[in-house]
Amino acid sequence: AQSVAQPEDQVNVAEGNPLTVKCTYSVSGNPYLFWYVQYPNRGLQFLLKYITGDNLVKGSYGFEAEFNKSQTSFHLKKPSALVSDSALYFCAVRGGWKLSFGAGTTVTVRA
Amino acid sequence: DTGVSQDPRHKITKRGQNVTFRCDPISEHNRLYWYRQTLGQGPEFLTYFQNEAQLEKSRLLSDRFSAERPKGSFSTLEIQRTEQGDSAMYLCASSPRTVSSYNEQFFGPGTRLTVL
């Protein structure tokens, strides 16, 4: 079965500092990985995905993610965090037609 | 707004009552998904439609739950004899008509159900 794990419940960073949200995966076969963000009382918004190709994937709002096959990781990164990046972030893996999500990481960016 | 819409946004009901939620996907999307999200957890898959056909159902979808997509457009999710454990956010998502299964899913704002 496909699964992802987000080892950190919360990440706190100062505005302007780099932001990293960690995700590790477990799959049989090739991984198809996604990052979503959720703001309060709203649905999930797609940020980026890894299907194949370059290990560094660029997405929306200045986010990028690094796929590392040997470490089975797909960490989300942003070089310079904004207060508006404060939200709940989910990593997900595709299995068949469905997505399996991690438990989420709450990101707080302080001014 | 051309995104996924869900109605109602909030529903409060008493235990034992039936509730029905509606999802309108993005118009050109033929694939539709339902997920459930409880507090502190990521969304969990419930069911998947391709056009009007329900092709996959999770074991989470007990016999009290039923989903339909009669004309391949909007979908409804009904919960019969609600229980307090059904309290959650119910999310609908859609994805476009392509051969690839790797497309991202576009999520609606969700329906928050509270069972008293």
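Residues numbered from 1 in each chain as written. Chains lettered and ligands numbered in written order. Predicted model: local features only at pLDDT ≥ 70, side-chain atom pairs only at ≥ 80, totals over all residues. Heavy atoms only, no water.

1. Notes on the overall build of chain A
Next, step 1: Tallying secondary structure elements over chain A gives zero helices and twelve strands in all.
Next, step 2: In sequence order, chain A lays out its α and β elements as β-β-β-β-β-β-β-β-β-β-β-β.
Next, step 3: A globule of 111 residues ought to have a C-alpha radius of gyration of about 13 Å, and chain A, at 13 Å, matches this closely.
Next, step 4: Principal-axis analysis of the C-alpha atoms places the extent of chain A at approximately 40 × 30 × 20 Å.
Next, step 5: Relative to its full complement of 111 residues, chain A shows a buried share of 46%. (Helix = DSSP H or I, 4+ residues; strand = E, 2+ residues; numbered from the N terminus. Rg over C-alpha atoms; globule rule 2.2 N^0.38 Å. Buried < 20%, exposed > 50% of the residue type's maximum accessible area, 1.4 Å probe, protein only.)

2. Points about the interface of chain A and chain B
Next, step 1: Counting from both sides, the interface comprises 20 residues of chain A and, opposite them, 23 residues of chain B.
Next, step 2: Across the interface of chain A and chain B, roughly 1,900 Å² is buried in total on both sides, 56% from carbon and sulfur atoms.
Next, step 3: At the boundary of chain A and chain B, one finds one salt bridge.
Next, step 4: For the salt bridge of A:Lys49 with B:Glu104, the shortest nitrogen-to-oxygen distance reads 2.9 Å.
Next, step 5: Inspection of the region where chain A meets chain B yields seven residue pairs in polar contact (both at pLDDT 80 or more).
Next, step 6: Secondary-structure elements contributing two or more residues to the side of chain A that touches chain B are strand 5 (33-38), strand 6 (44-50), strand 10 (87-95) and strand 11 (98-101) of chain A.
Next, step 7: Residue composition of the side of chain A that touches chain B, grouped by class: eleven nonpolar, five polar and four charged. (Contact = heavy atoms within 4.5 Å. Buried area = accessible area lost by both parts, 1.4 Å probe. Salt bridge = Lys/Arg side-chain N within 4 Å of Asp/Glu carboxyl O. Polar contact = N/O pair within 3.5 Å; in protein donor to acceptor, adjacent residues only side chain to side chain. Nonpolar A, V, L, I, M, F, W, Y, C, P; charged D, E, K, R; others polar.)

3. Side note on the pairing of strand 6 (residues 53-57) of chain B
Residue and element names in this part refer to chain B.
Next, step 1: Summarising the sheet, strand 5 (residues 44-50) and strand 6 pair through four bridges and their orientation is antiparallel. Pairing of Phe 49 across the sheet is with Gln 54, part of strand 6.
Next, step 2: Connecting strand 5 to the antiparallel partner strand 6 that follows it, the hairpin turn spans two residues, and Asn 51 within it adopts a positive phi of roughly 55°. (Pairing = 2+ DSSP bridges.)

4. Some words on the sheet that holds strand 7 (residues 65-68) of chain B
Residue and element names in this part refer to chain B.
Next, step 1: With antiparallel pairing, the four strands of this open sheet are ordered in space as 1-3-8-7. Strands with a single pairing partner mark the edges of an open sheet, and in this sheet they are strand 1 (5-7) and strand 7. Neighbouring strand axes in the sheet, compared pairwise and without regard to direction, differ in orientation by 15° on average.
Next, step 2: Bridging between strand 1 and strand 3 (residues 19-24) involves three bridges; their strand directions are antiparallel. Across the sheet, the residue bridging to Asp 7 is Arg 22, located in strand 3. (Axes fitted to C-alpha atoms, helices over the stretch in contact; angles between N-to-C directions.)

5. Let's talk about the packing of aromatic side chains
Next, step 1: Under the criterion given, the structure shown has 16 aromatic pairs over all chains.
Next, step 2: Pairwise contacts between aromatic rings join A:Phe34, A:Tyr36, A:Phe46, A:Phe90, A:Phe101, B:Tyr35, B:Phe45 and B:Phe107 into one cluster. (Phe/Tyr/Trp six-rings, centres within 6.5 Å; stacked < 30°, edge-to-face > 60°.)

6. What to know about the nonpolar core
Next, step 1: A:Trp35, A:Leu48 and A:Tyr89 are the most contacted members of the largest nonpolar core, which has 27 residues in total.
Next, step 2: When residues of this core are traced back to their parent elements, those giving at least two are strand 2 (10-14), strand 3 (19-21), strand 5, strand 6, strand 8 (64-68), strand 9 (73-78), strand 10 and strand 12 (105-110) of chain A.
Next, step 3: It is strand 10 of chain A that provides the largest number of residues to this core, a total of four residues.
Next, step 4: Grouped together as the second largest cluster of nonpolar side chains are 19 residues, B:Val4, B:Leu32, B:Ala67 and B:Leu113 included. (Core = buried A, V, L, I, M, F, W, Y, C linked by side-chain atoms within 4.5 Å.)

7. Examining the state of the cysteines
Next, step 1: In total, this model carries two disulfides over all chains according to the counting rule given.
Next, step 2: The disulfide bridge from A:Cys23 ends at A:Cys91, spanning 2.0 Å between sulfur atoms. With the S-S dihedral at roughly -60°, the linkage between A:Cys23 and A:Cys91 falls on the left-handed side. Remark: A:Cys91 occurs in strand 10 and A:Cys23 occurs in the loop between strand 3 and strand 4 (24-26); sequence separation between them is 68 residues.
Next, step 3: The disulfide that involves B:Cys23 links it to B:Cys92, with 1.9 Å between the sulfurs. (Disulfide = S-S within 2.5 Å.)

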